[in-house]
Amino acid sequence: MICRPTFVQIWKRKAVEQYSATPYLATLVNCMAWVLYGLPIVHPNSLLVVTVNGAGTVIEFLYIIVFIIYSDKKKRVKVILIVVVELIFIAALATMVLNLAHTTKKRSAIVGFICIFFNIAMYASPLSVMKMIITTKSVEYMPFFVSLTSFINGLAWTCYALISFDPFLLIPNGLGSLFALAQLTLYAVFYKSTKRQIAAREGKSELPLAQVLVNEDSKRAATAPLNGSASETNRA
């Protein structure tokens, strides 16, 4: 993963504004599920799956902490509750799988099917703002680098799944690549209109000062002849 510019903006502005926590929450539970899948007692010979998703879990926790710090109270409580639910779910899943399924084949199948669901949800999560994007014709709050890295990540894991022929990796990452491509297509379609809206908004924020200066100049120009006439009258 790379450091997402979205969180640099949030940190600079000290507010999450209209950004959604959904992609980061979906990625967190997805990474935790894949860590469980890659454990030797669940799916042997999956060191790469464990290490990559273990690092992803740590990074997503850091992102969500930043999101929580700069959210309003209502959004902060909601995000914290979802994280707690995700942790409880993964802990319960691990406990049940390790105690009820007694072979790695069964454990891999159970956790693998759940990972497919979470992986697809992770790739599709940025599309949660799709209605807002189409309505406003703006992709300002659908981070570009989230979609780009999702696309690259999906392709990489799809290639890896083809080499090792792991259907639990192949299906969600293949579909995820398509979801990410749809996000990039949305971004390309509404990129120019987004730039125009941002430029117009920034222009409006500067407009009052310009109007004040113009109005002051107009008043001076309008009162100058009157002042001149008054001076002539006084001399007379």
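Whatever comes next refers back to the structure up there.
Residues numbered from 1 in each chain as written. Predicted model: local features only at pLDDT ≥ 70, side-chain atom pairs only at ≥ 80, totals over all residues. Heavy atoms only, no water.

Moving on: the overall build of the chain. Summing up its helical and strand segments, the chain has 8 helices and 0 strands in all. The order of α-helices and β-strands along the chain, N terminus first, is α-α-α-α-α-α-α-α. Looking at the chain as a whole, 36% of its 236 residues are labelled buried. For the chain, contacts bridging at least 24 residues in sequence account for 75% of all contacts bridging at least 6. Approximately 13,900 Å² of the chain is accessible, and the part contributed by carbon and sulfur atoms is 71%. (Helix = DSSP H or I, 4+ residues; strand = E, 2+ residues; numbered from the N terminus. Buried < 20%, exposed > 50% of the residue type's maximum accessible area, 1.4 Å probe, protein only. Contact = heavy atoms within 4.5 Å. Areas by Shrake-Rupley, 256 points an atom, 1.4 Å probe, with all protein chains shown as cover.)

Look at helix α4 (residues 73-100): 40 Å from first C-alpha to last across 28 residues, which is about the 40 Å you get at 1.5 Å a residue. Of the surrounding secondary structure, the elements contacted by the buried residues of α4 are α2 (22-38), α3 (47-69) and α5 (104-124). For α4, the N-terminal capping position is held by D72, with its side-chain oxygen 3.2 Å away from the main-chain nitrogen of K74. (Expected span 1.5 Å × (residues − 1). Polar contact = N/O pair within 3.5 Å; in protein donor to acceptor, adjacent residues only side chain to side chain.)

Formed by 34 residues in total, the largest nonpolar core has its most connected members in W34, Y37, I64, F67, V79 and V111. Of all the secondary structure elements, the ones that give two or more residues to this core are α2, α3, α4, α5, α7 (144-164) and α8 (167-235). The element that contributes the greatest number of residues to this core is α2, accounting for 9 residues. Core analysis: the second largest hydrophobic core is formed by 6 residues, I133, V139, L186 and Y187 among them. (Core = buried A, V, L, I, M, F, W, Y, C linked by side-chain atoms within 4.5 Å.)

This brings us to unusual backbone geometry. Of note, N45 is a non-glycine position whose phi angle comes to about 60°, a positive value. For N45, the location among the structural elements is in the loop between α2 and α3.

The terminal C-alpha atoms of α5 lie 29 Å apart, and with 21 residues this matches the ideal 30 Å at 1.5 Å per residue to within 8%. Three or more residues of α5 are buried, namely R107, S108, V111, G112, C115, I116, F118, N119, M122 and Y123.

This model, assessed by the stated rule, comprises 9 aromatic pairs. Between F89 and F118, the aromatic rings sit 5.6 Å apart at their centres with planes inclined by 85°, giving edge-to-face as the arrangement. With a gap of 29 residues between them, F89 in helix α4 and F118 in helix α5 connect regions that are remote in the sequence. Under the relative-accessibility criterion, F89 is labelled partly exposed at 34%. When its relative accessible area of 13% is taken as the criterion, F118 is described as buried. Linked through ring pairs, W34, Y37, F113 and F168 together constitute an aromatic cluster. (Phe/Tyr/Trp six-rings, centres within 6.5 Å; stacked < 30°, edge-to-face > 60°.)

Close contact between α2 and α5 brings their axes to 9 Å; oriented N to C, the two are set at 160°. Relative to α5, the element α2 is oriented roughly antiparallel. Note that α2 runs across α5; the crossing there is left-handed. Contact residues: α2 offers A26, T27, V29, N30, A33, W34, L36 and Y37, while α5 offers S108, V111, G112, C115, F118, N119, A121 and M122. (Axes fitted to C-alpha atoms, helices over the stretch in contact; angles between N-to-C directions. Parallel < 35°, antiparallel > 145°, perpendicular 65-115°, else oblique. Left-handed = near helix turned anticlockwise from the far one by under 90°.)

By the element assignment, Y187 lies in helix α8. Linking Y187 and P143, residues 44 residues apart in sequence, is a C-alpha distance of 9.0 Å. Setting aside residues up to four positions removed in sequence, Y187 forms contacts with V139, M142 and F144.

Turning our attention to the packing of α2 against α4. For the pair α2 and α4, the least separation of the axes is 10 Å and the interaxial angle reads 15°. Compared by their axis directions, α2 and α4 come out roughly parallel. You can see that α2 and α4 cross each other, and the crossing is right-handed. Contacts between α2 and α4 involve L25, A26, L28, V29, M32, A33 and L36 on the former and, on the latter, V79, I82, V83, E86, L87, I90, L93 and A94.

So, about the side chain of S138. Mapping S138 onto the fold places it in the loop between α6 (130-136) and α7. Given the relative accessible area of 9%, S138 is considered buried. If we skip the residues at most four places from it in the chain, S138 touches I133, F190, T194 and Q197.

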